[in-house]
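Examining the three-dimensional arrangement
Each chain, letter by letter, is given below.
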Amino acid sequence: MNPDITESSGNVFRDLGFHTAAESLRVRARLMAPLERSLREQGITQAEAAEELGTTQARISELTNGKV
């Protein structure tokens, strides 16, 4: 048995047919890393960032831990 092999576009979500979700996840991932880096560089706690951004500390924690 020889399965068909399709070259990836570089975006697994798009390859699986999740075009809208793929773009959303890509954008979120690109925003997540700089957020975590900025918090670390500025010495800001997650609670302080949450207050400044109008969200919860738990949400900042989720974002910095890759839960988009």
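Each chain has its residues counted from 1, running along the sequence as written. Whole-chain, interface and lining totals are the exception, using all residues; otherwise, since this is a predicted model, local features are given only for residues with pLDDT of at least 70 and side-chain atom pairs are given and counted only at 80 or more. Just so you know, side-chain values use all the structure's heavy atoms and leave hydrogens and water out.

**Here we look at the overall build of the protein**
For the protein, the count of helices and strands is four helices and zero strands. Helix numbering and strand numbering both begin at the N terminus, where a helix is a DSSP run of H or I of at least 4 residues and a strand a DSSP run of E of at least 2. When its helices and strands are written in sequence order, the protein yields α-α-α-α. Reported as C-alpha extents along the three principal axes, the dimensions of the protein are approximately 55 × 20 × 20 Å. In this scheme, a residue with accessible area under 20% of its type's maximum is buried, one over 50% is exposed, and one in between is partly exposed, where area comes from a 1.4 Å probe on protein chains only. Out of the 68 residues belonging to the protein, those deemed buried represent 13%. By definition, residues are in contact when any of their heavy atoms lie within 4.5 Å. Long-range contacts, defined here as pairs at least 24 residues apart, represent 35% of the contacts in the protein between residues at least 6 apart. Per element, the accessible surface of the protein, about 5,500 Å² overall, is 54% carbon and sulfur. Only four residue types enter the tally: Lys and Arg on the positive side, Asp and Glu on the negative side, with His and both chain ends excluded. Note that the charge is assigned to NZ on lysines, CZ on arginines, CG on aspartates and CD on glutamates. Taking the average location of the 8 positive side-chain charges in the protein and that of its 10 negative ones, the two points are 1 Å from each other. Calculation of accessible area relied on Shrake-Rupley with a 1.4 Å probe; when residues are assessed, cover is drawn exclusively from the protein chains displayed.

**Brief notes about the pattern of salt bridges**
Salt bridge criterion: a side-chain nitrogen from Lys or Arg within 4 Å of a carboxyl oxygen from Asp or Glu. Per the counting criterion, the structure on display carries two salt bridges. Between R40 and E36 there is a salt bridge, and its shortest N-O distance comes to 2.6 Å. Pair noted here: R40 and E36 are both in helix α2 (residues 19-42), with a separation of four residues, about one helical turn. Taking relative accessible area as the criterion, R40 reaches 52% and is therefore assigned exposed. Note that R59 and E62 form a salt bridge whose closest N and O atoms lie 3.0 Å from each other. Taken as a pair, R59 and E62 lie in helix α4 (residues 57-64) at a separation of three residues, close to a single helical turn. Taking relative accessible area as the criterion, R59 reaches 26% and is therefore assigned partly exposed.

**Overview of the packing of helix α3 (residues 46-53) against α4**
In this analysis an axis means a line fitted to C-alpha atoms, helices contributing only their contacting stretch, and an angle means the value between N-to-C directions, from 0 to 180 degrees. Interaxial distance between α3 and α4 falls to 8 Å at its minimum, and their mutual angle equals 110°. When the axis of α3 is compared with that of α4, the two are roughly perpendicular. Judged by residue contacts, Q46, A47, A49, A50 and L53 of α3 engage Q57, I60, S61 and T64 from α4. The residue inventory of the contact of α3 with α4, partitioned by class, reads five nonpolar, four polar and no charged. Any angle that falls under 35 degrees is termed roughly parallel, while one over 145 is termed roughly antiparallel, one within 65 to 115 roughly perpendicular, and all others oblique. Amino acids outside the nonpolar list (Ala, Val, Leu, Ile, Met, Phe, Trp, Tyr, Cys, Pro) and the charged list (Asp, Glu, Lys, Arg) are all regarded as polar, and Gly is one of them.

**Concerning the nonpolar core**
Here, nonpolar core refers to any group of buried Ala, Val, Leu, Ile, Met, Phe, Trp, Tyr and Cys residues whose side-chain atoms link them within 4.5 Å. Within the largest apolar cluster, five residues are counted, these being L35, L39, A49, A50 and I60. If you list the elements that add at least two residues to this core, you get α2 and α3. Other than its neighbours up to four places away in sequence, A50 contacts T55, T56, Q57 and I60.

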